[in-house]
Amino acid sequence: MTVDADLVIVGSGFFGLTVARRCADDLGLKVLVLERRTHIGGNAYSEAEPQTGIEVHRYGAHLFHTSNERVWDYCNRFTKFTNYVHRVFTTYRGEVYPMPVSLATINQYFRKALTPAQARGLVAEQAAELDTAGASNFEDKAISLIGRPLYEAFFRGYTAKQWQTDPRELPGEIVTRLPVRYTYDNRYFNDTYEGLPVDGYTAWLERLADHPNIEVRLESDFLHDGPLGKAAVVGQVPVVYTGPVDAYFGNAEGELTWRTLDFEQEVLPVGDFQGTPVMNYADEDVPFTRTHEFRHFHPERSYPDDATVVVKEFSRFAGRGDEPYYPVNTPADRQRLLAYRDLARGERGVLFGGRLGTYKYLDMHMAIAAALSMVDNKLVPHFRDGAGLTSGGVDA
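Nothing here was measured: the structure is a model prediction, and the numbers come from that model.

Conventions and cut-offs
- Residues numbered from 1 in each chain as written.
- Predicted model: local features only at pLDDT ≥ 70, side-chain atom pairs only at ≥ 80, totals over all residues.
- Heavy atoms only, no water.
- Buried < 20%, exposed > 50% of the residue type's maximum accessible area, 1.4 Å probe, protein only.
- Helix = DSSP H or I, 4+ residues; strand = E, 2+ residues; numbered from the N terminus.
- Pairing = 2+ DSSP bridges.
- Right-handed = clockwise from strand over helix to strand, strands pointing away.
- Phe/Tyr/Trp six-rings, centres within 6.5 Å; stacked < 30°, edge-to-face > 60°.
- Core = buried A, V, L, I, M, F, W, Y, C linked by side-chain atoms within 4.5 Å.
- Domains from an automatic or database assignment.
- Contact = heavy atoms within 4.5 Å.

Participant: Please explain helix 8 (residues 201-209) as it appears in this structure.
Facilitator: Think of an α-helix as turning once every 3.6 residues; residues three or four places apart then point the same way. Counting buried positions along helix 8 gives 7 out of 9 residues, so the element sits mostly inside the fold. Listed in full, the buried residues belonging to helix 8 are Tyr201, Thr202, Ala203, Trp204, Leu205, Leu208 and Ala209.

This is the structure we're talking about:
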């Protein structure tokens, strides 16, 4: 059977739909998008909770932010953004603190009124307990950066719940930095642009896919046999694959490890449960890592004043059949990924991208930027200039 498309894209998340739209707009290609789920949008999919009408992000809160002007301009072609600014708080031993750790957090925790210089000095003094260069595990590395008191209050329990592992058993290399601000700025992100799509994520994603040259087929699993399966498609038309790279190769080099999330959603008979969109829970005896109250993401909307939607988030290792979220990226994973990159280079006419296809945790703006680059650097030269379509292995 001949595939009736110029390009097949596997996965309808932001990476896949951005590639599809640019190829349809700029190259006039007929694009077929295959999505194994019952809806478009990947993990960015959102929907109205039936009882309240409150928009809920089904796969966890998605906050859009970027300093990439090209990405911002491109996104604004398909959605307008609210002026939402993300701020996070954390509960520790019955008290609420602003996060990330700021001058306000430090002064509240130590019951002091320190200046920025005094706070820097205090943290430096406490961090001197351990040498960063010699710190081999997560706990020691974190203490060497911010000191034991702040680490034990705000990071130890939260990290243990996120990874289901004692932080002393986690490698120190996963600590790239622990944000500490010596100002009272409690804005969570530092990017130039920030906001939430005015009409919601699903409306944005649907507009991306709304083009006469783009067809999206839901409940279509590329890795299963069939007329649109891998065996039938690869070699006939170019493919952009955004599913799990290990699954593409039948886990030939072993399964990559991921963290996944579980959610418990409930409608409560109150107009406001926690007064903020996201509340972290740093205590290890609280089983969930955070709670989302989705009405607060869109205060400009008219939502019921007698009901609210609250979602508890739990973190664990992903098993077969779970939705993968965060790459664990152990040394064994990195070795497997190198082997998959070698296999990917040998695939004829297949490019690998997106969070799952590259085994990288990509924020939305990063996925969109990577998709724009793939079109610029791989697909335009191929379709417009006749250049060969070769994967660099696993293309971010």
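Participant: Can you help me understand the pairing of strand 2 (residues 31-34) in this one?
Facilitator: Looking along a regular strand, one sees the side chains alternate between the two faces of the sheet. Side chains Val31 and Val33 project from strand 2 onto one buried face, and the interleaved Leu32 and Leu34 project onto a second face that is buried too. Examined bridge by bridge, strand 1 (residues 7-10) and strand 2 share 4 bridges and lie parallel to one another. Pairing of Leu7 across the sheet is with Val31, part of strand 2. Remark: the strand 1/helix 1 (residues 14-27)/strand 2 crossover connection has right-handed handedness. Across 4 bridges, strand 2 lies against strand 9 (residues 214-217) in parallel orientation. The residue of strand 9 that forms the bridge with Leu32 is Glu215.

Participant: Sorry if this is basic, but what is going on with the packing of aromatic side chains here?
Facilitator: Counting across every chain of the model gives 31 aromatic pairs. Relative to Tyr241, the ring of Phe222 lies with its centre 6.1 Å away and its plane at 45°, an arrangement referred to as tilted. Remark: Tyr241 occurs in strand 10 (residues 239-241) and Phe222 occurs in the loop between strand 9 and helix 9 (230-233); sequence separation between them is 19 residues. Its relative accessible area of 2% is what places Phe222 among the buried residues. An aromatic cluster is present here, built from Phe14, Phe64, Trp72, Phe81, Tyr193, Tyr201 and Trp204 joined pairwise through their rings.

Participant: Honestly, the nonpolar core in this entry has me stumped. Any pointers?
Facilitator: Most often, soluble globular proteins keep nonpolar side chains buried together rather than apart. Within the largest apolar cluster, 107 residues are counted, with the highest numbers of intra-cluster contacts made by Val19, Phe64, Trp204 and Leu379. The biggest single contributor to this core is helix 13 (residues 364-385), with 10 residues. Two domains each donate at least three residues to this core, and these are domain 1 (7-83 + 198-254 + 327-393) and domain 2 (99-174). The residues contacting Val19, other than those within four sequence positions of it, are Leu7, Ile9, Val240, Ala371, Val375 and Leu379. Counting 5 residues, the second largest nonpolar core, distinct from the first, contains Met279, Tyr281, Val286 and Phe314.

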